[in-house]
Amino acid sequence: MKKVLVLEDEPGIRSFVVINLKRSGYYPIEAESGEEAMDLIAKHPDIAIALLDVMLPDIDGFEVCRRIRASGSRMGVIMLTAMSQEMDKLTGLMTGADDYITKPFSPAELIARVDAVFRRVENKTETEEETELCYGPFTMNVRNRTLEKNGQRKRLTQTEFAIMNLFMENVGKALSRDDILVSVWGAEYTGELKIVDVNIRRLRMKIEDDPTYPTYITTVWGYGYKWGS
Ligand code: CA
C-alpha cells in the first residue's frame, strides 16, 4: 500500500490533494495539524511519503520535517509552499525535504512530484537491504517473510521461517544445533536442544521432496544440520 501523509490545515486544498492521490493509486492519510501528523506517523510506520504544508496552526511543516528526519525515517518528504514563501523552498530542503511544490499546483504537477519521490524511496529500500534469497527451487522474501518452492508458497511458522532464513544465509555451512538455537531462540533461551530437531523435522515435511531422504536440510552427524551441498 502506497501510503501518503497529507498534512494541510486548509480543508479545500487537503481534499483536492487527497482526491488526486486516490485517483493515482495512493492511500492518503489526512492530518490538519503538526501534532496530529506526528501521531499518525507513529501509528503508520509504513508511510512512504509525507506532504507537508508549511503554515499550520501549531508547529510548522519544517519542524515536522525535522522531527521525521530526527526519528531516522527514510520516508519521502515534499513541502507544500505558498508562492509568497520563496524562502520556504530553501529552508525545506535544508531541513531534509526531498522536494517542494508551490501552491497553487495542478493535479498533474502534484502526482508527477509524488511519483518521482516514491520511485526514489522504493529504490532506496531495495538497494539498502537484500530482500530476496534464492537457492535451487527456493525463493525467500525476507521482508514479506515468505518462502516459495517452485513458485508455490510454503506455510511456515515464524520459527521455521527464522531457521530457513539462517540456512539461506549460510548455504553449504554446517550449523551446530547450538548455533541454530542461539540464532533462532536467542542466547537466553534455556530449553532443550531437542526443540531444534523437532522444528527441523517439521520443516523437512514442508519443504523436502521426500522428507524421509532429505536433500536440502542434511544432517551432520553428532553436530547439527547443513543447508545445500
Ligand atoms: Ca496552511
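Up top you'll find the structure we're talking about.
A. Geometry of the overall build of the chain. Looking only at helices and strands, one finds eight helices and twelve strands in the chain. Whereas a compact globule of 229 residues would reach a radius of gyration of roughly 17 Å, the chain reaches 24 Å, over 25% beyond that. If you line up the chain on its principal axes, its C-alpha atoms span 75 × 35 × 25 Å. Within the span of the chain, comprising 229 residues, buried residues form 43% of the whole. A fraction of 53% describes how many contacts in the chain between residues 6 or more apart in sequence connect residues 24 or more apart. As displayed, the chain offers around 12,400 Å² of accessible surface, 51% of which is attributable to carbon and sulfur atoms. Treating the 30 positive side-chain charges of the chain as one cloud and the 36 negative ones as another, the clouds have centres 6 Å apart.

B. Structural detail: helix α7 (residues 177-185). Of all the positions in α7, only I180, L181 and W185 are classed as buried. Relative to the axis of α7, the buried residues are bounded by an arc of 100° and lie together on one face. Contacts made by the buried residues of α7 are with α6 (158-168), β10 (174-176), α8 (194-207) and β12 (224-227). Just downstream of α7 lies G186, where phi reads positive at about 100°.

C. Summary view of the coordination of the calcium ion. Surrounding the calcium ion are the protein donor atoms D9 (OD), D53 (OD) and M55 (O), at 2.2 to 2.4 Å. Every donor residue of the calcium ion comes from the same chain, spaced as D-x43-D-x1-M. With a gap of 44 residues between them, D9 in the loop between β1 (3-7) and α1 (11-23) and D53 in strand β3 (residues 49-53) connect regions that are remote in the sequence. Residue classification places D53 among the buried residues on the basis of a relative accessible area of 4%.

D. Quick peek at the pairing of strand β6 (residues 132-135). As judged from the four bridges shared by β6 and strand β7 (residues 138-141), these two strands associate in the antiparallel manner. Counted as the bridge partner of L133 is M140 from β7. In this antiparallel pair of consecutive strands, β6 and β7, the connection spans two residues, and G136 shows a positive phi of 50°.

E. Broad picture of the packing of aromatic side chains. In total, this model carries seven aromatic pairs according to the counting rule given. Here Y26 and F118 contribute two aromatic rings whose centre-to-centre distance is 5.8 Å and whose plane-to-plane angle is 85°, an arrangement assigned as edge-to-face. Remark: F118 occurs in helix α5 (residues 107-128) and Y26 occurs in the loop between α1 and β2 (27-31); sequence separation between them is 92 residues. Residues Y26 and F118 agree in their burial class; the two are buried.

F. Geometry of the pairing of β2. Sheet analysis places β1 next to β2, joined by five bridges and oriented parallel. Considered in β2, the bridge of V4 is made with P28. Crossover β1 to β2 through α1 is right-handed.

G. Fine view of the nonpolar core. One finds M164, F167, I180, I217 and W227 to be the most contacted residues of the largest nonpolar core, which totals 23 residues. Elements with a contribution of two residues or more to this core: β7, α6, α7, α8 and β12. Here I180 is in contact with I163, L166, F167, L175, W185, V196 and Y225, once residues within four sequence places are set aside. Counting 22 residues, the second largest nonpolar core, distinct from the first, contains I29, A37, I47 and M75.

Each value, and the rule that gives it
Residues numbered from 1 in each chain as written. Predicted model: local features only at pLDDT ≥ 70, side-chain atom pairs only at ≥ 80, totals over all residues. Heavy atoms only, no water. Helix = DSSP H or I, 4+ residues; strand = E, 2+ residues; numbered from the N terminus. Rg over C-alpha atoms; globule rule 2.2 N^0.38 Å. Buried < 20%, exposed > 50% of the residue type's maximum accessible area, 1.4 Å probe, protein only. Contact = heavy atoms within 4.5 Å. Areas by Shrake-Rupley, 256 points an atom, 1.4 Å probe, with all protein chains shown as cover. Lys, Arg positive; Asp, Glu negative; His and termini not counted. Charge placed at Lys NZ, Arg CZ, Asp CG, Glu CD. Arc of directions from axis to C-beta. Donors = N, O, S within 2.8 Å, 3.2 Å for Na, K, Ca; no water. Pairing = 2+ DSSP bridges. Phe/Tyr/Trp six-rings, centres within 6.5 Å; stacked < 30°, edge-to-face > 60°. Right-handed = clockwise from strand over helix to strand, strands pointing away. Core = buried A, V, L, I, M, F, W, Y, C linked by side-chain atoms within 4.5 Å.

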